[in-house]
Amino acid sequence: MKASPKKLLATLRGARQERPPLWLMRQAGRYLPEYRALRETKGGFLELCYDPEAAAEVTLQPIRRFGFDGSILFSDILVIPHALGQHLWFEAGEGPRLAPPLVDSALASLEAAHQRLDPVYATVTRVAASLPSETTFLGFAGSPWTVATYMVAGQGSKDQATARRLAFGDPAAFQAIIDAIVELTVTYLSGQIENGVDAVQLFDSWAGSLSPAQYEQWVIAPNAEIVRRLRALHPDTPIIGFPKGAGGKLRAYADETGVDAIGLDETVDPLWADAILPAHLTVQGNLDPLALVAGGEALDTAIDRILAAFPSRPHIFNLGHGIVPDTPIAHVEHLIRRVRGG
């Protein structure tokens with residue numbers, strides 16, 4: 001059988017590369033002038049996500065400019081609550097809003113609208129047909145805990161207190177929300193795979209806000225269920241877990257969810273992660289996005305530290321969180337040269 005030219009996909013399957021493959025979270029976004037130009041013609045962010053032609057174009061823009069090893073679908077984690085029946089919109093300068101917030105409204109009162117996911121599948125089909133043969137196509141979804149925090153509060157928050165209170169005060173109601181998210185997320189990621197993505201990533205952006213017992217219940221258990229069910233449907237599709245803020249609970253996440261690769265946020269010492277994680281596990285990360293903004297010696301030192309931290313395990317170079325809008329393009333170009341040994 002002819003070997004696949006997709007280095008990132010091979011790395012996710014456990015093959016260590018001489019130089020790690022590279023992609024960046026939020027690599028399609030506001031730091032790119034071509035994205036800003038397209039966004040101006042399309043109006044709101046949600047309209048852009050649900051326009052397959054435009055969303056495919058945004059997904060492809062950083063591949064054309066930088067030639068990253070991975071291309072990640074342009075969408076948003078909140079398409080899941082939207083498809084579960086909540087109203088979704090984005091307030092300029094303030095972020096997403098969901099109504100009714102489930103802190104004071106029952107999940108059963110929502111009228112599911114799964115057809116809202118159809119434009120995303122159409123985007124996947126378009127991108128899959130257009131990517132270079134060596135580029136790994138990544139799909140994604142938000143993990144249940146993170147998605148639930150938005151559904152319960154109706155918006156984002158710094159400490160996820162509204163969702164945490166509901167989880168403590170009415171665990172049965174909160175479990176029902178988690179279960180609904182798990183169910184639709186499996187369907188959603190399966191649809192992405194069927195339409196052409198090579199691998200998927202689960203973003204648990206607020207995993208760090210929970211106590212150990214709550215973490216087991218609301219982060220590890222739901223993600224493990226998604227991995228189990230998705231693997232039964234698509235056994236050859238790698239799954240990346242990104243539990244931002246997991247800290248000392250990182251090993252438990254790796255052991256108990258069964259993901260093929262684990263993303264490290266910028267607060268994790270890569271040397272520590274290499275020492276405590278299972279030797280076979282692919283690791284992704286974990287450059288601080290602000291080091292990429294700073295450039296210069298700070299960027300070079302950070303790159304070198306990460307490259308040296310994983311001498312024998314499969315590694316995918318990435319940021320510890322999403323690229324920020326004021327990132328200079330020249331710094332991204334420098335990062336690519338350094339990682340690839342140019």
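One structure accompanies this document, and this report is about it. Only a predicted model underlies this, so the values are computations on that prediction, with no experimental measurement involved.

**Details of the overall build of the protein**
So, step 1. Of regular secondary structure, the protein possesses 15 helices and 9 strands.
So, step 2. The buried share of the protein, reckoned over its 342 residues, is 55%.
So, step 3. The contacts of the protein with a sequence gap of at least 6 include a subset with a gap of at least 24, amounting to 75%.
So, step 4. Carbon together with sulfur atoms contributes 52% to the accessible area of the protein, which is approximately 13900 Å² in total.
So, step 5. On the protein, the mean spot of the 30 positive side-chain charges and the mean spot of the 38 negative ones are 4 Å from each other.

**Examining helix H10 (residues 212-233)**
So, step 1. For H10, built from 22 residues, the straight-helix expectation of 32 Å at 1.5 Å per residue is met to within 8% by its first-to-last C-alpha distance of 30 Å.
So, step 2. Largest kink in H10: about 30°, centred on Ile 220, with the proline Pro 222 one to four residues after it.
So, step 3. Turning to H10, its buried residues are Gln 214, Tyr 215, Trp 218, Val 219, Ile 220, Pro 222, Asn 223, Ala 224, Ile 226, Val 227 and Leu 230.

**Some thoughts on the pairing of strand E4 (residues 136-142)**
So, step 1. The element E4 is extensively covered by neighbouring structure, given that 7 of its 7 residues are classed as buried.
So, step 2. Side chains of E4 alternate between two faces, with Thr 136, Leu 138, Phe 140 and Gly 142 and Phe 137, Gly 139 and Ala 141 buried alike.
So, step 3. Taken together, the 3 bridges between strand E1 (residues 70-72) and E4 define a ladder with parallel strand orientation. Each bridged residue has a counterpart across the sheet, and for Ser 71 the counterpart in E4 is Phe 137.
So, step 4. Of the strand pairs in this sheet, E4 and strand E5 (residues 199-204) are connected by 5 bridges, and their pairing is parallel. Each residue of the ladder has a partner; that of Gly 139, found in E5, is Val 200.

**Some words on the sheet that holds E1**
So, step 1. Reading across the sheet, the 7 strands line up as E1-E4-E5-E6-E7-E8-E9 and stay open at both edges, with parallel pairing between neighbours. In this open sheet, the two strands that pair with only one neighbour each are E1 and strand E9 (315-319). Each neighbouring strand pair of the sheet contributes to a mean axis angle of 25°, computed without reference to strand direction.
So, step 2. Most of the contacts of helix H11 (residues 250-257) go to strand E6 (residues 239-243), to which it runs at about 150°, and overall it touches E6 and strand E7 (261-263).

**Overview of the packing of aromatic side chains**
So, step 1. A full pass over the atoms with the stated rule returns 10 aromatic pairs.
So, step 2. An angle of 5° between the planes, with centres 6.4 Å apart, marks the rings of Tyr 31 and Phe 66 as stacked. Residue Tyr 31 is found in the loop between helix H1 (7-12) and helix H2 (33-42), and its partner Phe 66 is found in helix H4 (residues 52-66); the two are separated by 35 residues along the sequence. In terms of burial, Tyr 31 and Phe 66 fall into one category: buried.
So, step 3. Linked through ring pairs, Tyr 35, Phe 45, Phe 74 and Phe 90 together constitute an aromatic cluster.
So, step 4. Here the basic side chain of Lys 249 rests over the ring of Tyr 215, its NZ or CZ set 5.0 Å away from the ring centre.

**Overview of the pairing of strand E2 (residues 87-91)**
So, step 1. Sheet analysis places E2 next to strand E3 (residues 95-99), joined by 5 bridges and oriented antiparallel. Directly across from Trp 89, in E3, lies its bridge partner Arg 97.
So, step 2. As consecutive antiparallel partners, E2 and E3 are separated by 3 residues, and within that stretch Gly 93 has a phi angle of approximately 75°, a positive value.

Rules behind the numbers
Residues numbered from 1 in each chain as written. Predicted model: local features only at pLDDT ≥ 70, side-chain atom pairs only at ≥ 80, totals over all residues. Heavy atoms only, no water. Helix = DSSP H or I, 4+ residues; strand = E, 2+ residues; numbered from the N terminus. Buried < 20%, exposed > 50% of the residue type's maximum accessible area, 1.4 Å probe, protein only. Contact = heavy atoms within 4.5 Å. Areas by Shrake-Rupley, 256 points an atom, 1.4 Å probe, with all protein chains shown as cover. Lys, Arg positive; Asp, Glu negative; His and termini not counted. Charge placed at Lys NZ, Arg CZ, Asp CG, Glu CD. Expected span 1.5 Å × (residues − 1). Bend = angle between axes of the 7 residues up to and from the residue. Pairing = 2+ DSSP bridges. Axes fitted to C-alpha atoms, helices over the stretch in contact; angles between N-to-C directions. Phe/Tyr/Trp six-rings, centres within 6.5 Å; stacked < 30°, edge-to-face > 60°. Lys NZ or Arg CZ within 6 Å of the ring centre and 35° of its normal.

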